Amino acid sequence: MYSKEMIDDLNNKAKTIRRNVIKSIGIGTAGHVGGSCSSADLVTALYFYKMKYDPKNPKMENRDRFLLSKGHVAVLQYAAMAEAGFFPVADLKHTKDVGFHLQGHPDYLKTPGIEAGTGSLGQGLSLGLGMALGLKDDGLNSRVYVLCGDGELAEGQIWEAAMAAKAFNADNLLAIVDHNKLQAMGPIQERLDITPLPEKWAAFGWHVIEINGHNMEEILTALDHAETIKGKPTVIIAHTIKGKGVSFAENTVSCHNVLLTDEMYHQALSDLS
Amino acid sequence: MTYTNQRIAYGETLVKMGKDNPKIVVMDADLCASTMGKLYEIEYKERHYEMGIAEANMLSVAAGLSTTGRIPFANSFAVFVAGRAYDQIRQTIAIGKLNVKIVGSSAGLSDFGDGATHQSIEDMAIMGAIPNMTVICPADANETVAATKAIAKYHGPVYMRLNRNDYDNVTEEGKPFVIGEPDVLLDGKDVVVFATGYMVGLALKAAKLLADEISVKVVNVATIKPLPKEKLIHLAKDAKVIVTAEEHSVIGGLGSVVLNAFAQTPIPIEMIGLEDVFGCSAHNYDELLEHFNLTDTAVADRIKQAYFAHKE
C-alpha cells in the first residue's frame, strides 16, 4: 500500500530527527534520550506523512493539531518541527538558552507551532479533547493527535479525559500511547501496573489499534485507519523500545534523562548514522 | 432587572451575552444548578458542556477550547476550581495566557452548611499567586453583572469568585466594571477601609455605626489582582490607618496584597478576615459570619480600635 521509497524516506527522516535530538542535547548536558527515541518514528509519521499544517502559517485554521502530552521530550518535537520548517535546524542547539524560544517543555507563547503548553503529565488528552470539540463545532475536518507516554497513564486525569472523549464522541481525537514499558525510575509494571492497555481503553469506549511503534508501515496504516473510525475516539497503542536506535540507551532506565559524555554523544551519532 | 444573588446575576448575564456572542461557552462539573450555568444550558444546549465530576479535565478541556477561539466560562465551587484544578490552570491556562474564565461559586463562607471542605478561604491566594492571572471578587449582584461582562471582553485568564447567598446591593446597578479600578462608596478621612466581596456591605454598615466618632472612607476593591496599587495609595494618603476586610484568609488575600502594596509607606494596616483557620458548618450564613467576627458591629469595633491606637 505504501511505496518502499516513502517508507525508506520516513525511516531516514526519523533517523535524522533522532540525530538532531542528540545534537541539540549536546555533550555534558542531560536530556530525555530514552523517550525521545521511543517516540521518534511516531512523531516522524505525524509530521511528515499524516498531519496537515503550514510551517509558514502556524495558525492556519484547518491545520491538524499535535499535542505532546509527554512534554518532557520537547526536544524530539523541536527536532521534527525544525525539519518541517517551523524554525531553522540551527535553533535546536540553543534549546534552553535563557530567553530563547525553545523551552525545556513546549511553550504555547514562545514557539510558533506549539498548540498548548504541556509538561505536567496527564493533561494533554484533555487539552486535545477541548480542541477536538471546538474544531468539530467549527465544521473543520482537522484532527487532533495527542502523544502520551505509558508511564503518564498513571495520572487520573488521563482517564477523566478518556471518559469525556467517549461521552462527546470525539472521533476527531486520536491518542497515541508510546508504550516503552519504562518510566523515569524503572519498569512501569513494578510501579502502577497500567496493563492490560487494549482492554482498558476499549472498556472506556475507545477504538483500539495495537502496533509496533517502530514499524513505519504499521504506523501509517494505523494513522490512516484511525481516520475511518466514526462515533468514538481512537487510541493507537504503540509498542516501542525506550532509547530505540541508540545502543547504550535501548531499554536502559538511566537513559530516561541522561547526561551525555563525549563518548556517549559520539556513540549515539555513530549508531544513528 | 435587579438581582440580589451573585450566582443568578452571573448566570443570567451569561445568557444575555451568549445571545450576541456565540463564542461564549459554559462548562460545569455536575453543579450547574448551583453555579447557574444551568441557565445557559437551557438556552444554548450546544454551547454548554457538562463535564461530569472531573474538574481537572474540565479546566484542561476549557484550555483546549479557548485555542479554537471560544471564551470558556468554567464553573464549579471555588474550592474545587481553585483546588482540584490548580495545576491545570497554572500549567496551560496561565503560562499560555489562554482566554479562560474560571468562576468559583459558593466562595468564602457562603456555603455555610457544608463546612470546611466546601468553604474556600484560600482561593484568591492560590489564584493570585499565579502569574498572568486576574482575580476578581465582586461586592454584590449588581457588580457581578458588570464584572461578568468586563471579563468576557478582557482577553486572558481570569478567576472570579462569587457568593452563594442573597443579600442587598451596595453598588450602583448598570455601572460599568473596569478591571483594576477601585470604587469609593463612602468618603471619609480618618480611616480607609479596603473591602472586597460581601465585606464591602458590612464595611459600609460599620462606617455608619461609627459616623458620629470617626470619618471612615469605604473603598470597594473588587480587583484583587492586578491590584490598583497607586490608586489605593492615593486614596489612603490622608488616613491614619488602613483596614482591610475580606471573607477569606488574611494570608494571601486582600489584606496581604494591600500590605505588600503599602510596604514602603508608614501607614499602619489592620486586616479583617479569617485568621489562618478553616470554616465550619452552621445553620445559616449570618450565624457563621458572627462566629468568625465578620459582622457590622465586629468590623466597627476593629475599625475603632485601630483608629484609636494609631490616630496620633
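Cut-offs used in this document
- Residues numbered from 1 in each chain as written.
- Chains lettered and ligands numbered in written order.
- Predicted model: local features only at pLDDT ≥ 70, side-chain atom pairs only at ≥ 80, totals over all residues.
- Helix = DSSP H or I, 4+ residues; strand = E, 2+ residues; numbered from the N terminus.
- Buried ≥ 20, exposed ≤ 12 C-beta atoms within 10 Å, placed from the backbone.
- Contact = placed C-beta atoms within 7 Å.
- Pairing = 2+ DSSP bridges.
- Right-handed = clockwise from strand over helix to strand, strands pointing away.
- Nonpolar A, V, L, I, M, F, W, Y, C, P; charged D, E, K, R; others polar.
- Domains from an automatic or database assignment.
- Core = buried A, V, L, I, M, F, W, Y, C linked by C-beta atoms within 7 Å.
- Axes fitted to C-alpha atoms, helices over the stretch in contact; angles between N-to-C directions.
- Parallel < 35°, antiparallel > 145°, perpendicular 65-115°, else oblique.

### Structural notes on the overall build of chain B
Next up, step 1: In terms of helices and strands, chain B carries 13 helices and 12 strands.
Next up, step 2: Over its C-alpha atoms, taken along the principal directions, chain B stretches across nearly 60 × 40 × 35 Å.
Next up, step 3: Evaluated residue by residue, chain B yields a buried proportion of 59% over its 312 residues.
Next up, step 4: Across chain B, every contact between residues at least 6 apart in sequence was considered, and the portion connecting residues at least 24 apart equals 79%.

### Let's talk about the pairing of strand β8 (residues 234-239) of chain A
Residues and elements named next belong to chain A.
Next up, step 1: Here β8 lies mainly inside the structure; five of its six residues are buried.
Next up, step 2: Looking at chain direction, strand β7 (residues 207-212) and β8 are connected through six bridges and run parallel. What sits directly across from Glu210, in β8, is Ile237.
Next up, step 3: Following the backbone out of β7, through helix α7 (residues 216-226) and into the adjacent parallel β8, one traces a crossover that is right-handed.

### Here we look at the interface of chain B and chain A
Next up, step 1: Counting residues at the interface gives 21 residues for chain B, matched by 22 residues for chain A.
Next up, step 2: A total of eight residues in the side of chain B that touches chain A trace back to one element, the largest contributor, which is helix α4 (residues 55-66) of chain B.
Next up, step 3: Here the side of chain B that touches chain A is built from residues that sort into eight nonpolar, 10 polar and three charged.

### Some points on the domain arrangement of chain B
One frequently used descriptor of interface size is the decrease in accessible area upon assembly of the parts.
Residues and elements named next belong to chain B.
Next up, step 1: Per the domain assignment, the segments of chain B are domain 1 (6-161) and domain 2 (183-310).
Next up, step 2: Computed over C-alpha atoms, the centres of domain 1 and domain 2 are 26 Å apart.
Next up, step 3: Taken together, the contacts link 25 residues of domain 1 with 29 residues of domain 2.
Next up, step 4: When residues of the side of domain 1 that touches domain 2 are traced back to their parent elements, those giving at least two are α7 (123-128), β5 (134-136) and α8 (141-153).
Next up, step 5: Across the side of domain 1 that touches domain 2, the residue classes tally to 14 nonpolar, seven polar and four charged.

### Brief notes about the nonpolar core
Next up, step 1: Core analysis: the largest hydrophobic core is formed by 187 residues, its most contacted members being A:Ile176, B:Val191, B:Val193, B:Ala203 and B:Ile303.
Next up, step 2: When we break this core down by domain, the ones giving at least three residues each are domain 1 (6-161) and domain 2 (183-310) of chain B.
Next up, step 3: Look past the residues within four positions of B:Ile303 in its chain and what remains in contact with it is B:Val191, B:Val193, B:Ala206, B:Leu210, B:Ile214, B:Val216 and B:Val243.

### Re the packing of α4(B) against helix α6 (residues 86-94) of chain B
Residues and elements named next belong to chain B.
Next up, step 1: Interaxial distance between α4 and α6 falls to 9 Å at its minimum, and their mutual angle equals 10°. Considering the angle they form, α4 stands roughly parallel to α6. On the side of α4, the interface is formed by Ala56, Leu59, Ser60 and Ala63, while α6 contributes Gln88, Ile89, Thr92 and Ile93.
Next up, step 2: Classifying every residue of the contact of α4 with α6 gives five nonpolar, three polar and no charged.

### Some thoughts on the environment of B:Ile8
Residue and element names in this part refer to chain B.
Next up, step 1: Within the fold, Ile8 resides in helix α1 (residues 6-20).
Next up, step 2: The class of Ile8 is partly exposed, set by 17 C-beta atoms lying within 10 Å.
Next up, step 3: A C-alpha to C-alpha distance of 9.6 Å links Ile8 and Asp166, two positions 158 residues apart in sequence.
Next up, step 4: Excluding residues within four positions of it along the chain, Ile8 makes contact with Tyr3 and Met36.

### Re the sheet that holds strand β7 (residues 183-186) of chain B
Residues and elements named next belong to chain B.
Next up, step 1: Taking strand neighbours across the sheet as the criterion, the five strands line up as β7-β9-β8-β11-β12 in an open arrangement whose pairing is mixed. Pairing within the sheet leaves two strands with one partner each, and these edge strands are β7 and β12 (269-274). The sheet shows a mean angle of 25° between the axes of neighbouring strands, direction not considered.
Next up, step 2: Sheet analysis places β7 next to strand β9 (residues 216-220), joined by three bridges and oriented antiparallel.

### Focus on the sheet that holds strand β3 (residues 144-149) of chain A
All names here are of chain A.
Next up, step 1: Taken in spatial order, the five strands make up an open sheet running β2-β3-β4-β8-β7, and their pairing is parallel. Looking at the sheet topology across the chains shown, the edges are occupied by β2 (65-68) and β7. For this sheet, the mean inter-axis angle between neighbouring strands, taken without regard to orientation, is 20°.
Next up, step 2: Examined bridge by bridge, β3 and strand β4 (residues 173-179) share six bridges and lie parallel to one another. Counterpart to Cys148 in the pairing with β4 is Val177.

### Regarding unusual backbone geometry
Backbone phi values are negative for most residues with the exception of glycine, while trans is the configuration of most peptide bonds.
Next up, step 1: In this model, A:Thr195 is joined to A:Pro196 through a cis peptide bond whose omega is -5°.
Next up, step 2: In this fold, A:Pro196 is placed in the loop between β6 (186-187) and α6 (197-203).
Next up, step 3: Along the chain, B:Lys225 connects to B:Pro226 via a cis peptide bond; the corresponding omega equals 0°.
Next up, step 4: Mapped onto the elements of the fold, B:Pro226 is located in the loop between β10 (223-225) and α10 (229-235).

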